[in-house]
Amino acid sequence: MLVADDERAYAYLAMIRRYIGGAADTNDLAQTASAQTAPITADDCAERLADADQVFAEWLAPLHRTAAEVAGIEPARMADALNHMHHESRRLTMCDDVLLDNVVELARVVIDERVPGDFIETGVWRGGVTILMRAALTAFGGFGRNVWVADSFAGLPAPNPATDLRDAIWHHLMRAVGLLRSDLATVREAFARAGLLDRRVRFLPGWFADTLPDAPIERLALMRLDGDWYDSTRDALDALYPRLSPGGFVIVDDYGLPTGCARAVDEYRAVHRIDAPLTRVNTQAVYWRKPW
Ligand SMILES: C[S@@+](CC[C@H](N)C(=O)[O-])C[C@H]1O[C@@H](n2cnc3c(N)ncnc32)[C@H](O)[C@@H]1O
């Protein structure tokens, strides 16, 4: 389907956004998401943090800090964060409207300005953002571009505490939400229900370190990194930034999180002397534009 004018393009994207947001009027479309389970309480979280104090004692002792201090979270806020991920059971994305607006806006810019290349998200969970990226190609006429959908489809990998202790602690805590495990068949089905599963949607199942370096991606115009950890962010930047066209955008969803993501971004930008300004999308996400 080609949506020619702006009004129709944004009406179409609004429908897709209701779908990936799990809106009631798209329940039939969104029924691929998993079933709701019991809420996680602050007491559960206090127990998990106490458990993390034991598991990571060897790394915490020299720092004289608790797991909660290193992870930058206390039980009540942790319960809120985990429930947000866990209970929005019909949602196909955790991203809120501000983050989704940002994807649509930058997709439009690169299409309108003919910045060459495909779109990718590394860390897709149930695929909602990549469905929106594919829909944006339809809405704005991004002919000939692919959308790459990269995820383990096995949840978050276990970080090495010696590389990033915060990530390792968060990984331990995220067991409460099944490590955000999704599966490829469900994500494919979610694309299909929206009528957007076609040859321009390319799946890269597996760990980023294995799938991204040799992925047959020639050029990218929009890359969105949402893998949470230091290693996941660094692996994606190492493999993909060299393939980003000048004028293309990198969105980093997790820059403001208390994980190793920001460190990976800051190191990469320092090593590669990237001084393009970081623009904040919200308290968590940032993006920058690769200079021409
Ligand atoms: C926060 S979720 C992504 C949220 C998603 N972008 C959305 O719109 O809701 C993080 C995802 O990254 C994936 N992930 C993290 N590190 C990874 C790695 N190194 N290799 C493959 N997948 C990874 C996890 O499986 C998970 O699905």
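Residues numbered from 1 in each chain as written. Predicted model: local features only at pLDDT ≥ 70, side-chain atom pairs only at ≥ 80, totals over all residues. Heavy atoms only, no water.

- Per an unreviewed UniProt entry, the protein chain carries the name Macrocin O-methyltransferase and comes from Paraburkholderia sediminicola.

Considering the overall build of the protein chain
Link 1 in the chain: Broken down by element type, the protein chain carries 13 helices and seven strands.
Link 2 in the chain: Over its C-alpha trace the protein chain gives a radius of gyration of 19 Å, about what one expects of a compact globule, namely 19 Å for 292 residues.
Link 3 in the chain: Structurally, the protein chain occupies a C-alpha span of about 60 × 45 × 30 Å along its principal axes.
Link 4 in the chain: Contacts in the protein chain between residues at least 24 apart in sequence constitute 80% of all its contacts with a sequence separation of at least 6.
Link 5 in the chain: For the protein chain, the exposed surface amounts to about 12,900 Å²; the carbon and sulfur share of it is 51%. (Helix = DSSP H or I, 4+ residues; strand = E, 2+ residues; numbered from the N terminus. Rg over C-alpha atoms; globule rule 2.2 N^0.38 Å. Contact = heavy atoms within 4.5 Å. Areas by Shrake-Rupley, 256 points an atom, 1.4 Å probe, with all protein chains shown as cover.)

Observations concerning the site of the ligand
Link 1 in the chain: As a matter of local geometry, the ligand sits amid 21 residues, with T93, M94, D151, D226 and S232 nearest to it.
Link 2 in the chain: S152 places a polar main-chain atom, nitrogen or oxygen, 3.0 Å from a nitrogen atom of the ligand.
Link 3 in the chain: At 2.8 Å from a nitrogen atom of the ligand is found a side-chain nitrogen or oxygen belonging to S232. (Near = heavy atom within 4 Å. Polar contact = N/O pair within 3.5 Å; in protein donor to acceptor, adjacent residues only side chain to side chain.)

As for the domain arrangement of the protein chain
Link 1 in the chain: Here the protein chain is described as being made up of domain 1 (6-32 + 93-157 + 180-289) and domain 2 (42-87).
Link 2 in the chain: Distance between the C-alpha centres of domain 1 and domain 2: 29 Å. (Domains from an automatic or database assignment.)

Re the sheet that holds strand 3 (residues 201-205)
Note: strands within a sheet are paired through backbone hydrogen bonds, in either parallel or antiparallel orientation.
Link 1 in the chain: Spatial strand order, 3-2-1-4-5-7-6: seven strands in an open sheet with mixed pairing. Taken across any chain shown, the strands that pair with only one partner, and hence form the sheet edges, are strand 3 and strand 6 (279-280).
Link 2 in the chain: Sheet topology places strand 5 (residues 244-252) next to strand 7 (residues 286-289); four bridges connect them, and they run antiparallel. Following the sheet pairing, V250 is matched in strand 7 by W288. (Pairing = 2+ DSSP bridges.)

Let's talk about unusual backbone geometry
Link 1 in the chain: A positive phi is found at L179, a non-glycine position, where the angle reads about 55°.
Link 2 in the chain: Residue position: L179 is located in the loop between helix 9 (165-173) and helix 10 (184-193).
Link 3 in the chain: Accessibility expressed as a relative area gives 10% for L179, which makes it buried.
Link 4 in the chain: Residues other than glycine seldom take positive phi values, yet D228 does so here, at roughly 70°.
Link 5 in the chain: Within the secondary structure, D228 sits in the loop between strand 4 (220-225) and helix 12 (230-240). (Buried < 20%, exposed > 50% of the residue type's maximum accessible area, 1.4 Å probe, protein only.)

Some words on the pattern of salt bridges
Link 1 in the chain: Counted under the stated rule, the structure contains 16 salt bridges.
Link 2 in the chain: A salt bridge links R289 to E113; its shortest N-O distance comes to 2.8 Å. Of the two residues, R289 sits in strand 7 while E113 sits in the loop between helix 7 (97-112) and strand 1 (118-122), which places them 176 residues apart along the sequence.
Link 3 in the chain: When the shortest N-O distance is used, the salt bridge between E189 and R193 registers 3.2 Å. Taken together, the positions of E189 and R193, both in helix 10 and four residues apart, correspond to about one turn of that helix.
Link 4 in the chain: Residue R193 is classed as partly exposed on the basis of its relative accessible area, which comes to 28%. (Salt bridge = Lys/Arg side-chain N within 4 Å of Asp/Glu carboxyl O.)

Some remarks on the confidence of the model for the protein chain
Link 1 in the chain: Averaged over every residue, the pLDDT of the protein chain is 92; residues scoring 70 or more account for 92%.
Link 2 in the chain: A low-confidence stretch, residues 32-36 stays under pLDDT 50, and its non-local contacts, those more than four residues away or across chains, total 15 contacts. (pLDDT = per-residue confidence, 0-100.)

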